[in-house]
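# Commentary on secondary and tertiary structure
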Amino acid sequence: MAFSLDISKQQAGENWHDWKWHLKNRVETLEELSDIIELSAEEIAGIKKEGGRLRMAITPYFTSLLDPKNPHCPLRKQVVPRIEEHLSSSTNMEDPCGEVHDSPVPNLVHRYPDRVLLILTDMCISYCRYCTRKRIVGGNRRMISKENLDAIYDYISSHKEIRDVLISGGDPLVLSDETLNSVLSSLRAIRHVEILRIGTRAPVFLPQRITDPLLRVLKKFHPLMMSIHFSHPREITPEVKSACERLADAGIPLGSQTVLLRGINNGTRTIKSLVHQLLAIRVRPYYLYQCDLAMGTGHFRTSIAEGINIIEKLRGHTSGYAVPTYVIDAPGGGGKIPLGPSYLIGLAQGKAYLRNYEGNLYEYPEPIKASQLRLKIKREARDIAAPIPVK
Ligand SMILES: *Cc1c(COP(=O)(O)O)cnc(C)c1O
Ligand code: SF4
């Protein structure tokens, strides 16, 4: 029997709804994948050479969405290695966002004053070829050690300025409900931690992961938010819609994060369709990322002008809720820097010169200086309050 039959929806039967079955049956080899889709020479070469950089692993669910005939399928390009990954580029780096430098404890990044990024696992549900954390993900360790975790809790406990903990990729939702419950409880027990966040691709790669028991766990730790990594409107299937709706019904505010990727989603029409469909499934577009300089991702990069142009075509032209913030994570570690069209043309002689989304020009008078205002008020008050002269 051909391999493809085993992991097809019909053959899987009840297993199709079991997230653990999908993780166990991920497509990881050239033989398995070539049974299911017609691979191009670039893909075959990419898979053969992929060892050492970032492994391939694709859930049966996500595999079922790949176009078997078209190597340019935008979902296929996200998860199937290609030979381009091996073209070296001198600008690319192991740790493009300088996260190691900002790690006071391994697997904890404390870059911004009041929030931290916590990496619990080196495993993801499937591997995105453009991943910025290639240096970490793709391993088999699954969960960081208990000693490491204790050191992280100690660090957060002793830093009262940390009010926001973001647990992110490797994908925390590969962990069991019990493990997540334990980590979230420990973080909730730290008095100064106000909000918890989970960054995940589970609703996209494996909507089956969003089970009722998981929702019962997550609901206990509000305020808890979730950022979901989406790349393309075709990812929004009925299963994904239902997963997001159930998360939203559990009171979890949902945001999306999207990396702008050449040949996958770098067009205004694609991004516009994505953000509209996201709002329709109750996900608020949060960030649009410029592709980081991770090793082997040069072929995915777009120009900054292209990103700014996409935002220009959204802002004002569609619901403000649909417009993400376009950011570039500064190479070497400076954090996220927002980029976008400028609507302020100039500031001169007490006036701001502005343009709107249609290109029309407007002037806005700036307020007078506080010291001038105080003088003016004093004079006015004196004049009005002055005693009426008696004749
Ligand atoms: C993105 C990121 C955060 C969260 O940033 P927000 O703008 O608050 O979403 C925190 N820490 C690190 C290291 C990050 O990369
Ligand atoms: S889910 Fe995130 S961390 Fe995991 S491979 Fe994709 S981009 Fe990287």
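Bear in mind that the values here come from a model prediction, so they are computed numbers and not experimental data.

What counts as what
Residues numbered from 1 in each chain as written. Chains lettered and ligands numbered in written order. Predicted model: local features only at pLDDT ≥ 70, side-chain atom pairs only at ≥ 80, totals over all residues. Heavy atoms only, no water. Domains from an automatic or database assignment. Pairing = 2+ DSSP bridges. Helix = DSSP H or I, 4+ residues; strand = E, 2+ residues; numbered from the N terminus. Axes fitted to C-alpha atoms, helices over the stretch in contact; angles between N-to-C directions. Contact = heavy atoms within 4.5 Å. Near = heavy atom within 4 Å. 1 Å grid on protein atoms, 1.4 Å probe; cavity = no way out; pocket = protein on both sides within 12 Å on 5 of 7 lines; lining within 4 Å. Sits in = over half its atoms within 2 Å of the grid points. Nonpolar A, V, L, I, M, F, W, Y, C, P; charged D, E, K, R; others polar. Buried < 20%, exposed > 50% of the residue type's maximum accessible area, 1.4 Å probe, protein only. Lys, Arg positive; Asp, Glu negative; His and termini not counted. Salt bridge = Lys/Arg side-chain N within 4 Å of Asp/Glu carboxyl O. Polar contact = N/O pair within 3.5 Å; in protein donor to acceptor, adjacent residues only side chain to side chain. Points joined across faces, edges and corners; volume = space filled by probe spheres on them.

With that out of the way, let us pick up the domain arrangement of the protein. Often the size quoted for an interface is simply the accessible area lost on bringing the parts together. For the protein, the domain assignment lists domain 1 (5–76), domain 2 (108–339) and domain 3 (346–385). Domain 1 and domain 3 are separated by 62 Å when their C-alpha centres are compared.

For strand β8 (residues 325–329) and strand β9 (residues 336–339), the ladder comprises 4 bridges, and the chain directions are antiparallel. Its bridge partner being in β9, Asp329 is matched across the sheet by Lys336. Linking β8 to β9, which pair antiparallel, is a turn of 6 residues; within it Gly332 sits at a positive phi near 85°.

Overall, mixed pairing links the 9 strands, which are arranged β1-β2-β3-β4-β5-β6-β7-β8-β9 in an open sheet. With partners counted over all chains shown, the strands left at the sheet margins are β1 (108–112) and β9, one partner each. With strand direction ignored, the average angle separating the axes of adjacent strands in the sheet is 25°. The sheet strands contacting helix α14 (residues 304–314) are β7 (284–289), β8 and β9, and the helix crosses β8 at an angle near 160°.

Moving on: the site of ligand 2. Near ligand 2, the surroundings consist of Cys124, Tyr127, Cys128, Cys131, Val137, Gly169, Arg201 and His229. In a pocket analysis with a 2 Å cut-off to the grid points, ligand 2 is assigned to the largest pocket. A breakdown of the residues in the shell around ligand 2 according to their chemical character gives 5 nonpolar, 2 polar and 1 charged.

This part is about the side chain of Asp171. The residue Asp171 is located in the loop between β3 (164–168) and α9 (177–188) in this model. Of the side chains with opposite charge, Arg201 lies nearest to the buried Asp171, which makes no salt bridge, at 7.3 Å. When sequence neighbours within four positions are dropped, the list of residues in contact with Asp171 reads Thr121, Met123, Cys124, Ile125, Gly199, Thr200, Arg201 and Ala202.

Turning next to the site of ligand 1. The local shell around ligand 1 consists of Val109, Tyr112, Arg115, Leu117, Leu166, Arg197, Tyr286, Tyr287 and Lys336. A distance of 2.8 Å is found between an oxygen atom of ligand 1 and a side-chain nitrogen or oxygen belonging to Arg197. Most atoms of ligand 1, that is more than half of them, are within 2 Å of grid points of the largest pocket. Listed by contribution, the elements that provide at least two residues to the shell around ligand 1 are β1, β2 (115–119) and β7. Grouping the amino acids of the shell around ligand 1 by side-chain chemistry returns 6 nonpolar, no polar and 3 charged.

This brings us to empty space enclosed by the protein. On inspection of all chains with the given rule, the structure shows 1 cavity of 30 Å³ or more. Taken as a whole, the largest cavity holds about 50 Å³ of empty space. Residue lining of the largest cavity: Ser256, Thr258, Ile271, Leu274, Val275, Leu278, Pro285, Tyr287, Leu288 and Pro324, and that is the complete set. When residues of the lining of the largest cavity are traced back to their parent elements, those giving at least two are β6 (254–259), α13 (268–280) and β7. Among the elements that take part in the lining of the largest cavity, α13 stands out by supplying 4 residues, more than any other. Residues that form the lining of the largest cavity fall into these classes: 8 nonpolar, 2 polar and no charged.

Inspection of the entire model under this criterion finds 24 salt bridges. One salt bridge connects Asp150 with Lys146, and the closest N-O pair in it is separated by 2.8 Å. Placement of the pair is Asp150 and Lys146 together in helix α8 (residues 146–158), with a separation of 4 residues, close to one helical turn. In this structure, Glu312 and Arg355 form a salt bridge, with 3.0 Å as the shortest nitrogen-oxygen distance. Of this pair, Glu312 sits in helix α14 while Arg355 sits in strand β11 (residues 351–355), and the two are 43 residues apart along the sequence. Judged by its relative accessible area of 19%, Arg355 falls in the buried class.

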